Amino acid sequence: MTTQTRRKGLSAPKHEQASVLGTLTPEEFLRDYWQKKPLLIRQAIPGFGDALPRDALLELARREDVESRFVAHDSTEWQVTRGPFSKAQQKRWKGKWTVLIQGVNLVFPFGDQLLKRFNFIPHARLDDLMVSYATDGGGVGPHIDNYDVFLLQGTGRRRWRIGKQTDQRLIEGAPLKILRDFQPEHDWILEPGDMLYLPSDWAHDGTAEGECMTWSIGFRTAPAQELAAQFLDFLQDHLADNSTITGRYADPDLQRQEHPGEISEAMVRKVSELLRLIQWDEALVRDFLGASLSEPKAHVFFDAPEPTLSLAAFGKRVKKDGLHLDARSRMLFAQGAFYLNGETVVAPPESHAALISLADLRELRASTLAQEAANTPLFECLYDWYECGFLHPGT
Ligand code: SIN
Ligand code: CO
């Protein structure tokens, strides 16, 4: 376990966002800490604090299209309620409570910008940005997440106690997962701008010291069973579309059986041979990952722009102002295939550089687009995505 302090006057190369890792390089962080051990970085983002005022966060908790939770506790009991919440409900929140908002990066442009500072972890690993507000003493209790998380302190102070324990037994009957016997090994108070990185298997308990807000940049670790189940779903659709398995079970060589109730070995053999035709390769796994990891969350819907520019007007506009992905868009790429919000586009090689840049930076500068002729496959592809509401003119 290490504490990092930001070196004064350290400035990032021009093309990169300023580091959030104190004196560590991304390579050092990945080598020594990522999924290995916690790291406390004092003043990871100096001056970070009130980007999202409390009232704006409470307003998010009232929205239908935003996932929110309210957690309260006294000395004996925990209470959890899922949002959206009405203003009247919020007025009744008393005592030690916390409200947690998932997917803040999807609805609050500053959140999307903040995530760019974590670009040293691939986008394919990102889950979302959660922001919580708590009253004095509020928190969600000691627990273990299936996320790697950067806990960035916004306004106020929070006490974090953490420990690596094998005892994962939970308090029975509690409405959220709270460890029965939490054994903390470290205890820190985080101030605005401080950040704690926690690998997924570390137990932790954050308690607000006075009112406070915490920003959690979460990287989900999918259980192997879940990945396998999702892949089998994908494979099923793939087989339906491009089947190498045709015809039907046939047994013109059927022999009379001694027991009509028995499944014969001949039948088992025939079906085994048929199932052996179900095959996949890394190209299919790549497409599975691209489609599933770029799939928007269930409650996300995109709106077509109103009014919609013509292709020519769109070309003119983005050559002047550039373009950016919608905050809810997820874009990835691999080996010349581009995945945006669950859709796959195999783009011609001359458009790769621009599309890779869009996937990496989530925006394309006017200067990148200025040299392109407006009717190239790149513009046609960008225009399709613009019409779907996946990206917008301007940076
Ligand atoms: C919080 O922000 O209150 C909880 C974050 C966490 O423990 O993962
Ligand atoms: Co947690």
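Residues numbered from 1 in each chain as written. Chains lettered and ligands numbered in written order. Predicted model: local features only at pLDDT ≥ 70, side-chain atom pairs only at ≥ 80, totals over all residues. Heavy atoms only, no water.

Ligand 1 sits among Leu100, Met130, Ser132, His143, Asp145, Arg158, Trp160, His204, Thr214 and Ser216. The side chain of serine 132 places a nitrogen or oxygen atom 2.7 Å from an oxygen atom of ligand 1. A distance of 3.5 Å separates an oxygen atom of ligand 1 from a polar atom in the side chain of arginine 158. Its free accessible area being 260 Å², ligand 1 has 94% of it covered by the protein chains. Taken atom by atom, the bulk of ligand 1 overlaps the largest pocket. Within the residue set of the shell around ligand 1, elements represented by two or more residues are β6 (126-134), β8 (157-163) and β12 (212-220). Here the shell around ligand 1 is built from residues that sort into three nonpolar, five polar and two charged. (Near = heavy atom within 4 Å. Polar contact = N/O pair within 3.5 Å; in protein donor to acceptor, adjacent residues only side chain to side chain. Areas by Shrake-Rupley, 256 points an atom, 1.4 Å probe, with all protein chains shown as cover. 1 Å grid on protein atoms, 1.4 Å probe; cavity = no way out; pocket = protein on both sides within 12 Å on 5 of 7 lines; lining within 4 Å. Sits in = over half its atoms within 2 Å of the grid points. Helix = DSSP H or I, 4+ residues; strand = E, 2+ residues; numbered from the N terminus. Nonpolar A, V, L, I, M, F, W, Y, C, P; charged D, E, K, R; others polar.)

An order of β9-β8-β11 is seen for the three strands of this open sheet, with the pairing classed as antiparallel. Of all the strands in the sheet, the pair left with one neighbour each is β9 (186-190) and β11 (203-209). Sheet twist, expressed as the mean angle between neighbouring strand axes with direction ignored, is 20°. As defined by bridge partners, β8 adjoins β11 across seven bridges and the pair is classed as antiparallel. From the neighbouring strand, arginine 161 faces β11, where its bridge partner is aspartate 205. (Pairing = 2+ DSSP bridges. Axes fitted to C-alpha atoms, helices over the stretch in contact; angles between N-to-C directions.)

Before going further, it helps to examine the coordination of the cobalt ion (ligand 2). Here the cobalt ion (ligand 2) is held by His143 (NE2), Asp145 (OD) and His204 (NE2), and the distances to it run 2.0 to 2.1 Å. Mapped onto the sequence, the donors of the cobalt ion (ligand 2) take the spacing H-x1-D-x58-H. A residue pair is termed long-range when its members are at least 10 positions apart, and histidine 143 in the loop between β6 and β7 (147-153) and histidine 204 in strand β11 qualify at 61 residues. In this pair, the class of histidine 143 matches that of histidine 204, namely buried. (Donors = N, O, S within 2.8 Å, 3.2 Å for Na, K, Ca; no water. Buried < 20%, exposed > 50% of the residue type's maximum accessible area, 1.4 Å probe, protein only.)

Honestly, that's just the spatial picture; any functional story needs more than this.
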